[in-house]
Structure formats: structure tokens, C-alpha cells
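Architecture and fold: a report
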Amino acid sequence: MLKRFFILCSGVDTDIVNGCSNGEQNKYAGIGATVFFTAVMAFIAASYALFTVFDNVYTAVFFGLVWGFLIFNLDRFIVSTLRKDELFWNEFKLVLPRLILAVILAIVISKPLELKIFEKEIAQKVEEQQREFAINAQRKTEQQFNPVMDSLRGEIDLYKNEIAKVSTARDSLYTAFIGEAEGTRGTNKLGKGPVFKEKKQQYDKIEQEMKDMQAKYQPLIDEREKQILAAKAQRDTAVAKAQPAIAGYDGLMARLDGLAKLPQTPSLFIMLLFICIETAPVLSKLFSSKGPYDEKLKNI
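Heads up: these notes are all about the structure in this document. Small disclaimer: the values here were computed from a predicted structure and weren't measured. (Residues numbered from 1 in each chain as written. Predicted model: local features only at pLDDT ≥ 70, side-chain atom pairs only at ≥ 80, totals over all residues. Heavy atoms only, no water.)

Comments concerning the overall build of the chain
A count of helical and extended segments in the chain gives 10 helices and zero strands. If you list the helices and strands of the chain from N to C, you get α-α-α-α-α-α-α-α-α-α. Taken over 300 residues, the chain has a buried fraction of 34%. Long-range contacts, defined as pairs at least 24 residues apart, comprise 76% of the intrachain contacts of the chain with a sequence gap of at least 6. Surface exposure of the chain reaches about 18100 Å², of which carbon and sulfur atoms provide 62%. (Helix = DSSP H or I, 4+ residues; strand = E, 2+ residues; numbered from the N terminus. Buried < 20%, exposed > 50% of the residue type's maximum accessible area, 1.4 Å probe, protein only. Contact = heavy atoms within 4.5 Å. Areas by Shrake-Rupley, 256 points an atom, 1.4 Å probe, with all protein chains shown as cover.)

Quick look at the structure:
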């Protein structure tokens, strides 16, 4: 039964091939098996590729079956319509379009298998790319908001420096008039004399100036600090919004990009393997010797 199934897959005329020897039947059963298993490989590869796209088993299997039947029908049609000729070039011209198509299909079909074989290495490359995207997003966001915050901090420092200057002068006068009263500074006379009163007046004056300056600059400082907090919140929001897109960079294109960053020699051998598989049905018929089946078919 399996032999008859593979003969059916080869696309030969069963009425003619049944009248041939077992060796001739086995030859076409082998060609049919090559056609069948090529379609099976196409189904597996296409299903996995579509699963990475749709993330749904049923959808992937359905379209994988469609793709597998398409490849099966195409190979069976070409093999069944390829007539053995005295001149090899005449046969080769007939299968040349299929060979070109086989190379294209092999490149397309081999990629899903490569994605599966190098899944761990590709995942590492994708994670590295995600981290790079995150760093770039963070850097761009900081380049947008940090100059504004630095400018606001500069204004705050300027206001605080002005207050600090007056505060230093006030503290110096405070020490001076207290020392004058205690007799440890200035005239070194204990008591609140004329010099004490003069220094006390200077202190009171700068103390008032200090209060006026604080009343003037503190609201400005508070306002700048609020603006800095608002800018920080906007920056954090912008970074947070970018995270889902970065985390979502895990689709088919991301994996292919990660695969491209791996050494290409293993991928080349896998692709060559699929080229051999894809061209096997046609080449097996092309290089097979002309047998009794071909003679009988030619006579008919």
C-alpha cells in the first residue's frame, strides 16, 4: 500500500507503471517519496514560521497545510510532466524554472528552521537589541528633558547663593555684636555700649534684608523645584511609554535580525540542505535513466 501511495505521489500513469517491472515501479516510488517528504518538510517549516507570526497553532497548521499541498502539487506536476528526452539540455530547460524556484523556496523555508535551531542564541541577540533600544530611548529622553532641568537647577543655585551671601554677612555681624556685648570682641568691654548698638543696628538691617531676600527668592525656588519635578515626571512617563514597544520587539523581523547577527556558516549549510531537499524531486527525475515506463508512455 505504501508503495502504491508513493507511486501515486510521483504522478505517473498507474496503468502503465503497473505493467512494468518491480525495479521500474520502485524507481517511481522513490521519486514519489521524495515529492511527499519535500512537501512534509515544507509544511513543518511553514507552520513554524507562521506560528511565530500569528502565535496561534490552528492558524499556523492550516496555512502550513496549504503551503505543503502547494509544494506537493507543484513538484508532482513538474515530475509528472517531465518527459525523458535524448538530449539532456532539452530536459534541463524544462526544469530550470523549478530549480530557480527551489532555491528561492529553500531560502524562505530554511529560515524558520534556523530560527528554531538557534532559538537561544537569537533570544540573546534580541534581548541585547532590546537593551540597546532601552538605552537609546533613555538617552534621547534625557537629552530632551535634562537641559531644561539643569537650567532650572542653575537658577535655584543662583538664588540660594544670593541668600547664602547675605546669610554669611548676617552671621558675621551676629557674632560681632554678641562678642561686643560679652566683651570678647571689638572694644573688649563688657556691656551694651555705643559700639554694640551700632553693630546691633547693622545686624538688624541685614537681618531684615535677609528676610526680604528670602521672601523674594523662596517662591521662585519653590516654583523652579516644582517645574523640575514636573519635568522628571514627564521624562519618566516618556520612558515608560517606550517600554511596551521595546518589550514587544520580539516578532519575526526581530528574530531574523538577531539571526543575521550570528555567524552565517551554519545558516549557509542549513540553506544548502533545504536546496537539496527542494530540488530532490526534480533532480531525481532529471537524472534517472530512461526506462520501460518512458518508452511505453512515448508510444502511447
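As for the packing of aromatic side chains
Inspection of every chain in the model, using the stated rule, returns six aromatic pairs. Note on Phe6 and Phe36: the rings are 6.1 Å apart at their centroids and 55° apart in plane angle, and the pair reads as tilted. A residue pair is termed long-range when its members are at least 10 positions apart, and Phe6 in helix 1 (residues 2-10) and Phe36 in helix 3 (residues 22-54) qualify at 30 residues. Residue Phe6 is classed as buried on the basis of its relative accessible area of 11%. Between the aromatic rings of Phe36 and Phe37, the centroid separation amounts to 5.2 Å while the plane-to-plane angle is 75°, which identifies the pairing as edge-to-face. Chaining the aromatic ring pairs together yields one cluster made of Phe5, Phe6, Phe36 and Phe37. (Phe/Tyr/Trp six-rings, centres within 6.5 Å; stacked < 30°, edge-to-face > 60°.)

Examining the pattern of salt bridges
For the structure on display, the rule yields three salt bridges. Residue Asp150 pairs with Arg153 through a salt bridge whose shortest N-O separation is 3.1 Å. You can see Asp150 and its partner Arg153 sitting in helix 6 (residues 119-182), three residues apart, about one turn around the helix. Relative accessible area serves as the criterion here: at 33%, Arg153 is assigned to the partly exposed category. (Salt bridge = Lys/Arg side-chain N within 4 Å of Asp/Glu carboxyl O.)

Focus on helix 4 (residues 57-81)
Taking 1.5 Å of rise per residue, the 25 residues of helix 4 would be expected to cover 36 Å, and the 36 Å separating its terminal C-alpha atoms lies within 8% of that figure. The residue sitting at the N-terminus of helix 4 and contributing the capping side-chain oxygen is Asn56; that oxygen lies 3.0 Å from the backbone nitrogen of Tyr58. (Expected span 1.5 Å × (residues − 1). Polar contact = N/O pair within 3.5 Å; in protein donor to acceptor, adjacent residues only side chain to side chain.)

Some points on the side chain of Arg224
Mapped onto the elements, Arg224 comes out in helix 7 (residues 194-247). A distance of 2.3 Å separates the side chain of Arg224 from the side chain of Glu155, its partner in a polar contact. Once residues within four sequence positions are removed from consideration, Arg224 is found in contact with Leu152, Glu155, Ile156 and Tyr159.

Here's the deal with the nonpolar core
Ile109, Leu115, Phe118, Ile122, Leu259, Leu262 and Phe274 are the most contacted members of the largest nonpolar core, which totals 17 residues. Put simply, the parts of the chain that give this core at least two residues each are helix 3, helix 5 (88-117), helix 6 and helix 9 (264-286). (Core = buried A, V, L, I, M, F, W, Y, C linked by side-chain atoms within 4.5 Å.)

Details of a nonpolar patch on the surface
Judged by side-chain polarity, Phe51, Val57, Tyr58, Val61, Leu65 and Phe69 come together as a nonpolar surface patch covering roughly 620 Å² of accessible area. A total of five residues in the nonpolar patch trace back to one element, the largest contributor, which is helix 4. (Patch = residues over 30% accessible without salt bridge, like charges linked within 9 Å, V, L, I, M, F, W, Y side chains within 5 Å.)

Points about the packing of helix 1 against helix 4
Close contact between helix 1 and helix 4 brings their axes to 8 Å; oriented N to C, the two are set at 80°. Judged by the angle between their axes, helix 1 and helix 4 are roughly perpendicular. Of the residues in helix 4, those touching helix 1 at Leu8, Cys9 and Ser10 are Phe72, Arg76, Val79 and Ser80. Split into classes, the residues belonging to the contact of helix 1 with helix 4 amount to four nonpolar, two polar and one charged. (Axes fitted to C-alpha atoms, helices over the stretch in contact; angles between N-to-C directions. Parallel < 35°, antiparallel > 145°, perpendicular 65-115°, else oblique. Nonpolar A, V, L, I, M, F, W, Y, C, P; charged D, E, K, R; others polar.)

Some words on helix 1
Among the residues of helix 1, Phe6, Ile7, Cys9 and Ser10 are the ones counted as buried. Seen along its axis, helix 1 keeps its buried residues to an arc of 155°; they face one direction. Summarising the contacts, the buried residues of helix 1 are in contact with helix 2 (14-17), helix 3 and helix 4. Of the residues one or two after helix 1, Gly11 is the one with positive phi, at around 80°. (Arc of directions from axis to C-beta.)

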